[in-house]
Amino acid sequence: MSKTIFITGASKGFGRIWAEAFLKRGDKVAATARNTETLKDLAAQYPDTLLTIQLDVNDRAASFAAIEQTSRHFGSVDVVINNAGYGLFGAIEETSEKEARDQIETNVFGLLWVTQAAIPVMRAQGGGHIIQVSSVLGVATLPVLGLYNASKWAVEGLSETLASEVKDFGIKVTIVEPNGFSTDWGGASATHSEPIALYDGIKEALYAGLTPDTIGDPQATPDAILKVVDEENPPLRIFLGKVGFPWLNQVYADRLATWEEWKEVADAAHGGQVTA
């Protein structure tokens, strides 16, 4: 059976690629973007199954209205994919107040507003699936992306909590964690803080590590997303790309080793009688 898919940030990148994949296989798609002109060709090709909605996810009322419009138009909202977001490049010291607030506003609050809008609609219809596009940088970090890291760590915590709260409503939650892909996330869609020369060496080292082998092909991702959407018991988390799993294996091994090393100090901080 075809599903109704609501996707934010559908003008380009993952959102555009996934919207087209859903449409090709016969699903109905509500594609939202700040500029829907970029979706005109898809709208002409799929006039009956594509609904384009102009949406800035930072506008909470507009996010609720977009979900409601989709529900009225197609009769349901089976899957919500919170894909809208962007990267802010800059060391913590370099980041301005406006840049920091804008990053969190879009990547965290924008996702939150759409999620809040979807829950009552999905609950009323007996279920649904909310897919949150996070990042490998939501579970590990890289320098020069501190505010982006922070935004995706917030998405992880919010979404894991959400999964436990809505499961009894028949609503499933999946957190998608892509590694770097050759979208324009790091190009035209990115924001860069005013540089401080002291951080030039760290930036050069970071960019030198971004070899072609570490960058995924976004056109290879639709099959994974379709499989997640069709899965009766979808995972809470899934990496996209081959970088995340080996990297996070090492990250978590290092974390566990540090916690173990400091366990005696941590236990003593509990107070009272400490048991082994």
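Predicted model, so just to flag it, every value in this text is computed and none were measured.

J.: Before we go on, may I ask you to explain the overall build of the protein in this structure?
T.: When helices and strands are tallied, the protein shows nine helices and nine strands. Taking 276 residues into account, the globule formula puts the C-alpha radius of gyration at 19 Å, and the protein, at 20 Å, falls close to it. Here the C-alpha coordinates of the protein stretch approximately 60 × 50 × 35 Å along the principal axes. Across the 276 residues that make up the protein, the buried fraction comes to 44%. Contacts in the protein between residues at least 24 apart in sequence constitute 71% of all its contacts with a sequence separation of at least 6. By element, 55% of the accessible surface of the protein is carried by carbon and sulfur atoms, the whole surface being about 14,000 Å². A gap of 7 Å separates the mean positions of the 22 positive and 35 negative side-chain charges of the protein.

J.: How should I be thinking about the pairing of strand 2 (residues 28–33) in this particular structure?
T.: Along a regular strand, successive side chains alternate from one face of the sheet to the other. Most of strand 2 is tucked away, with five of its six residues classed as buried. Following the backbone out of strand 1 (residues 4–7), through helix 1 (residues 13–24) and into the adjacent parallel strand 2, one traces a crossover that is right-handed. Pairing geometry for strand 2 and strand 3 (residues 50–54), over five bridges, is parallel. Within strand 3, the residue paired with Val 29 across the bridge is Leu 50. Each parallel crossover has a hand, and the one from strand 2 via helix 2 (residues 40–45) to strand 3 is right-handed.

J.: What's the story with the side chain of Arg 16 in this structure? I'm lost.
T.: Examined against the element boundaries, Arg 16 turns out to sit in helix 1. With a relative accessible area of 16%, Arg 16 lands in the buried category. Each residue touching Arg 16, except ones within four places of it in the same chain, is listed here: Gly 9, Ala 10, Ser 11, Thr 38, Leu 39, Asp 41 and Leu 42.

J.: Got a minute to help me understand the environment of Ile 202 in this structure?
T.: For Ile 202, the location among the structural elements is in helix 6 (residues 200–208). Excluding residues within four positions of it along the chain, Ile 202 makes contact with Pro 143 and Val 144.

J.: So what exactly am I meant to see when it comes to the packing of helix 3 (residues 60–74) against helix 4 (residues 97–125) here?
T.: Describing two packed helices takes the angle between their axes plus the distance from one axis to the other. Close contact between helix 3 and helix 4 brings their axes to 8 Å; oriented N to C, the two are set at 35°. Like other packed secondary-structure pairs, helix 3 and helix 4 cross with a definite hand, here right-handed. Where helix 3 abuts helix 4, its residues Arg 60, Ser 63, Phe 64, Ile 67 and Ser 71 lie against Trp 113, Val 114, Gln 116, Ala 117, Ala 118 and Val 121. Looking at the contact of helix 3 with helix 4 residue by residue, the classes come out as seven nonpolar, three polar and one charged.

J.: Which parts of the structure should I look at to understand the side chain of Ser 193?
T.: As for its placement among the helices and strands, Ser 193 is situated in the loop between strand 8 (191–192) and helix 6. Within the structure, Ser 193 has its side chain in polar contact with the side chain of Glu 99 (distance 2.8 Å). With residues up to four places along the chain from it excluded, the contact list for Ser 193 reads Leu 88, Phe 89, Gly 90, Glu 94, Thr 95 and Glu 99.

J.: Would you take a moment to explain the nonpolar core for this structure?
T.: In globular proteins that are soluble, nonpolar side chains generally tend to be buried together. Counting residues in hydrophobic clusters, the biggest one holds 27 residues, and the most contacted among them are Ile 5, Ile 7, Trp 18, Phe 22, Val 29, Ile 81 and Ile 225. Elements represented by at least two residues in this core include exactly strand 1, helix 1, strand 2, strand 4 (79–82), strand 6 (128–133) and helix 7 (222–230). Among the elements that take part in this core, helix 1 stands out by supplying six residues, more than any other. Aside from chain neighbours lying at most four places away, what touches Val 29 is Ile 5, Ile 7, Ala 19, Phe 22, Leu 23, Thr 49, Leu 50, Leu 51 and Phe 74. Of all hydrophobic cores here, the second largest spans 24 residues; its members include Ile 53, Val 80, Ile 119 and Val 173.

J.: How should helix 4 be read in this particular structure?
T.: A turn of α-helix holds 3.6 residues, and therefore any two residues three or four places apart point the same way. The terminal C-alpha atoms of helix 4, which comprises 29 residues, lie 41 Å apart, in line with the 42 Å expected from a rise of 1.5 Å per residue. Along helix 4, the sharpest change in direction is near 35° and occurs at Glu 105. Immediately beyond the C-terminal end of helix 4, within one or two residues, lies Gly 126, with a positive phi of roughly 95°.

Rules behind the numbers
Residues numbered from 1 in each chain as written. Predicted model: local features only at pLDDT ≥ 70, side-chain atom pairs only at ≥ 80, totals over all residues. Heavy atoms only, no water. Helix = DSSP H or I, 4+ residues; strand = E, 2+ residues; numbered from the N terminus. Rg over C-alpha atoms; globule rule 2.2 N^0.38 Å. Buried < 20%, exposed > 50% of the residue type's maximum accessible area, 1.4 Å probe, protein only. Contact = heavy atoms within 4.5 Å. Areas by Shrake-Rupley, 256 points an atom, 1.4 Å probe, with all protein chains shown as cover. Lys, Arg positive; Asp, Glu negative; His and termini not counted. Charge placed at Lys NZ, Arg CZ, Asp CG, Glu CD. Right-handed = clockwise from strand over helix to strand, strands pointing away. Pairing = 2+ DSSP bridges. Axes fitted to C-alpha atoms, helices over the stretch in contact; angles between N-to-C directions. Left-handed = near helix turned anticlockwise from the far one by under 90°. Nonpolar A, V, L, I, M, F, W, Y, C, P; charged D, E, K, R; others polar. Polar contact = N/O pair within 3.5 Å; in protein donor to acceptor, adjacent residues only side chain to side chain. Core = buried A, V, L, I, M, F, W, Y, C linked by side-chain atoms within 4.5 Å. Expected span 1.5 Å × (residues − 1). Bend = angle between axes of the 7 residues up to and from the residue.

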